[in-house]
Structures are given as C-alpha cells and as structure tokens.
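Structural characterization, general
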Amino acid sequence: MTATRVRAPEVADSRPSDTTVVERLPKPAVAGRFPVAERADDDDDQDALEPVADPIEPIETAPPVETPAPRYTLSFSSGEVVEVTGSGLIGRRPITQPGEQVDQLVAVLDPGRSVSKTHVEFGLEGGELWICDRYSGNGTVAHPLGGVARQCEPGRRYRVTAGTRVEIGDQWFDVS
C-alpha cells in the first residue's frame, strides 16, 4: 500500500493585516461632549458644525481584574520551607556562575553531603514552576503526584506541579 500525502486546501486568511483599515473612526467631538454631525456637502462656506441632539455619556469601566500568579512552596525533608519568588538555585552551598543572576539561593542542610553544592536550578515561566538538574553528583528525580518517577537529565528543564516530590541526593522537597 502506498501512502498518499494529502494537503489541506489553502484558505485565504479573513483576518485583517496590521495595515488594513477595519472600520472608519468617528470624528472627534466638539468640546468633548457631543459628536459631530457629518456634513452633506463639502462647501467651504459652511464652517459651522452642528452637534447631534444626544450627548455622549461617559462609559465607566471597571478596573482590570488581575489573575494572581500561582504561588509555589518548596518544603524540604531537612525542615526548610521556601516560597518561590522567581529563579533560584538549591544545594548545600549554592553559588551562581559568573554573569548568572538568580532571585533566591536555597541552602539545604545535608550532613551526609549527598546534595551537591549547587544541585538544582528552578524558576517560573508562564506561571509554572520548572526545575533543572545542575549536573549534580547524585542526580535529581521528580515524582509527580499520581505519575511515574522521572530521572531528570542534567541541563534540561522539567515542569513540576503541586504535589510533586523532587529527590536530590538523599534529601527531597515537596512542591505545593
């Protein structure tokens, strides 16, 4: 059996481009209260503009409703609790690389030294939390709630949701 490639029919895009005039804008109001009536002819000797009988009522608009960004909290097996406020690094003694800037440095108490100095990077993108193993010695494993555990590939970002447990060496933290 030979596979046949089928192309979708080309459809003209009915949306206006950036330079297309969609509708004519109304002429400016006289003294800011009344719309201007259109003149029937373009005689130069008629300079008077006639207001329309109904005044324009101001439109009261409600302030825009902002949807609060989801907040994430990291609760560590060693007792630390951290609210995520931006980007950050987690480790025994996390440090940034030259030229790198983060919002938070989270030090994890680990007497067994199974957690690397800078073990995991985290951040927010589009309101969602992500983690990235920073080429740690003992790796990072994400256990999503009701899902399958995943060994995190170093240098690759993984989205984590509330309920996920992240193992870093012999330690772990829960995302809520």
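Since the structure is predicted, the reported quantities are computational estimates derived from the model, not experimental observations. (Residues numbered from 1 in each chain as written. Predicted model: local features only at pLDDT ≥ 70, side-chain atom pairs only at ≥ 80, totals over all residues. Heavy atoms only, no water.)

Focus on the sheet that holds strand E4 (residues 104-107)
Defined as follows: Here, a strand pair is defined by DSSP locating no fewer than two bridges between the strands. Strands here mean DSSP runs of E at least two residues long; helices mean DSSP runs of H or I at least four residues long; both are numbered from the N terminus. Fitting a line to C-alpha atoms yields each axis, with helices limited to the stretch in contact; the angle taken between N-to-C directions then spans 0 to 180 degrees.
Strand order across the open sheet formed by five strands is E4-E3-E5-E6-E9, with mixed pairing between neighbours. Every other strand in the sheet has two partners, leaving E4 and strand E9 (157-160) as the edge strands with one partner each. The mean inter-strand angle of the sheet, taken between neighbouring strand axes irrespective of direction, is 25 degrees.

Re the pattern of salt bridges
To keep it simple, the criterion reads: Salt bridges are identified by distance alone: a Lys or Arg side-chain nitrogen within 4 Å of an Asp or Glu carboxyl oxygen. When a residue's accessible area, from a 1.4 Å probe over protein chains only, is under 20% of the maximum for its type it is buried; when over 50% it is exposed; and in between it is partly exposed.
Summed over all chains, the structure comprises seven salt bridges. The salt bridge involving Arg-71 is made with Glu-83; its shortest N-O contact spans 3.5 Å. Taken together, the residues span a long stretch of sequence, with Arg-71 in the segment before strand E1 (73-76) and Glu-83 in strand E2 (residues 81-83) at a distance of twelve residues. For Arg-71, a relative accessible area of 66% puts it in the exposed group. Residue classification places Glu-83 among the partly exposed positions, given a relative accessible area of 37%. Here Glu-125 makes a salt bridge to Arg-157, at a shortest N to O gap of 3.1 Å. With Glu-125 in strand E5 (residues 120-125) and Arg-157 in strand E9, this residue pair connects regions lying 32 residues apart in the sequence. Overlapping salt bridges, with partners in common, bring together Glu-100, Glu-121 and Arg-134 in one network.

What to know about the nonpolar core
Selection criterion: To form a nonpolar core, buried Ala, Val, Leu, Ile, Met, Phe, Trp, Tyr and Cys residues must be joined to one another through side-chain atoms within 4.5 Å. The contact definition used throughout considers only heavy atoms, calling two residues in contact when any of these lie within 4.5 Å.
Judged by nonpolar contacts, the single largest core of 21 residues is most densely connected at Leu-74, Phe-76, Ile-90, Leu-129, Ile-131, Ile-168 and Phe-173. Those elements giving two or more residues to this core turn out to be E1, E5, strand E6 (128-133), E9, strand E10 (165-168) and strand E11 (171-175). Sequence-distant contacts of Ile-90, that is, excluding residues within four places in its chain, are made with Leu-74, Phe-76, Val-106, Val-108, Thr-118, His-119, Val-120, Phe-122, Ile-168 and Phe-173.

Let's talk about the sheet that holds E10
Spatially, E2-E1-E11-E10-E7-E8 is the arrangement adopted by the six strands of the open sheet, whose pairing is antiparallel. Each end of this open sheet is capped by a strand with a single partner; those strands are E2 and strand E8 (150-151). Taken together, the three bridges between E1 and E2 define a ladder with antiparallel strand orientation. Counted as the bridge partner of Thr-73 is Glu-83 from E2.

A word on the side chain of Thr-140
The criterion, for reference: Polar contact is defined as a pair of N or O atoms within 3.5 Å, subject to the rule that within protein one atom must be able to donate a hydrogen and the other to accept it, and that residues adjacent in sequence are counted only when both atoms are side-chain atoms.
In this fold, Thr-140 is placed in strand E7 (residues 140-143). Within polar-contact distance, the side chain of Thr-140 engages the side chain of His-119 at 3.4 Å. Apart from residues no more than four positions distant in its own chain, Thr-140 is found in contact with His-119, Val-120, Ile-131, Asp-133, Arg-150, Gln-151, Cys-152, Val-166, Glu-167 and Ile-168.

Let's talk about the confidence of the model for the protein
Threshold: Think of pLDDT as the predictor's per-residue confidence, scored from 0 to 100.
In the predicted model, the protein carries a mean pLDDT of 78, and 61% of its residues have values of at least 70. Contacts for the low-pLDDT stretch residues 7-25, under 50 throughout, to residues beyond four places or in other chains number one contact. Taken as a whole, residues 27-39 scores under 50 in pLDDT and shows 26 contacts with residues more than four places along the chain or in a different chain.

Considering the environment of Ala-142
Structurally, Ala-142 is set in strand E7. A sequence separation of 30 residues divides Ala-142 from Trp-172, and the C-alpha atoms of the two residues are 9.5 Å apart. Beyond its immediate chain neighbours, meaning those up to four positions away, Ala-142 contacts Ile-131, Val-148, Ala-149, Arg-150, Cys-152, Thr-164, Arg-165 and Val-166.

Description of the packing of aromatic side chains
Any pair of aromatic rings gets described here by the distance separating the centres and the angle formed by the planes. Just so we agree on the cut-off: Pairing of aromatic rings covers Phe, Tyr and the six-membered ring of Trp, with a centre-to-centre limit of 6.5 Å; geometry is then stacked below 30 degrees between planes, edge-to-face above 60, and tilted otherwise. Ring-over charges, as used throughout, are those where CZ of Arg or NZ of Lys falls within 6 Å of the ring centre and within 35 degrees of the ring normal.
Scanning the model with the defined rule gives one aromatic pair in all. Between Phe-76 and Phe-173, the ring centres sit 5.1 Å apart and the planes meet at 45 degrees, which makes this aromatic pair tilted. With a gap of 97 residues between them, Phe-76 in strand E1 and Phe-173 in strand E11 connect regions that are remote in the sequence. On the basis of relative accessibility, which here comes to 6%, the residue Phe-76 falls in the buried class. The aromatic ring of Trp-130 is capped on one face by Arg-157, whose charged end is 3.7 Å from the ring centroid. Stacked on the ring of Trp-172, the Lys or Arg Arg-165 has its end atom at 3.5 Å from the ring centre.

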